[in-house]
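Working through the structure, step by step
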Amino acid sequence: KTDLDSGRVTVETEGNTVIIRLPEEVAFPPGSDEVSAEIVGIIDRLAPAMRESEGVIMVTGHTDNNPIASSEFSSNWELSADRAVAVIEEIMTYTGIREERFAAVGYGATKPIAPHDTPENRAKNRRVEITIVENQDAG
């Protein structure tokens, strides 16, 4: 059973945009920007849709609001940006999609999807999102 089937990874479609949400527990070890082995299987499932699309693939990293306790990263901003870049590099390596189609953004803790008030909600906020925006060009 893959993470796409288990519901841990969610896929939402809004108009010409597809958002794939990868929780930290699937994508990275805590406090790290080393992509997990699980990401490869997820990219494998998503690769045909990403290759078929002509649109921009924006990868955004998000953290919770706890100060980072790591000598490797100076802030949650840095961790979130490094994670976005790590996912893009993994997608490019695996799919051969050219780098001009990608954008990386680190939001730190500024765009939570849940209040930062419980450990469970903070866990929801630690995520990477892959957003595929289709071109609006009509024929």
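Here is a short report on the structure shown in this document.

1. Remarks on the overall build of the protein chain
Each helix and strand in the protein chain was counted, giving five helices and five strands. Starting at the N terminus and walking to the C terminus, you meet the elements of the protein chain as α-β-β-α-α-β-α-β-α-β. Taking 14 Å as the expected radius of gyration for a compact globule of 139 residues, we find that the protein chain reaches 15 Å, a close match to that expectation. In terms of overall dimensions, the protein chain has a C-alpha envelope of 50 × 30 × 25 Å along the principal axes.

2. Points about the pairing of strand 1 (residues 10-14)
In terms of strand pairing, strand 1 meets strand 2 (residues 17-23) through five bridges, oriented antiparallel. Opposite T13, over in strand 2, you have V18 as the bridge partner. Between strand 1 and the antiparallel strand that follows it, strand 2, lie two residues; G15 among them carries a positive phi value of about 60 degrees.

3. Observations concerning the side chain of S36
Mapped onto the secondary structure, S36 falls in the loop between helix 2 (24-27) and helix 3 (37-52). Residue S36 is classed as buried on the basis of its relative accessible area of 16%. Separated by 2.5 Å, the side chain of S36 and the backbone oxygen of V26 make a polar contact. Not counting residues up to four positions away in its chain, the partners in contact with S36 are V26, A27 and F28.

Reading guide: rules and limits
Residues numbered from 1 in each chain as written. Predicted model: local features only at pLDDT ≥ 70, side-chain atom pairs only at ≥ 80, totals over all residues. Heavy atoms only, no water. Helix = DSSP H or I, 4+ residues; strand = E, 2+ residues; numbered from the N terminus. Rg over C-alpha atoms; globule rule 2.2 N^0.38 Å. Pairing = 2+ DSSP bridges. Buried < 20%, exposed > 50% of the residue type's maximum accessible area, 1.4 Å probe, protein only. Polar contact = N/O pair within 3.5 Å; in protein donor to acceptor, adjacent residues only side chain to side chain. Contact = heavy atoms within 4.5 Å.

By themselves, these observations are geometric and do not establish any function.
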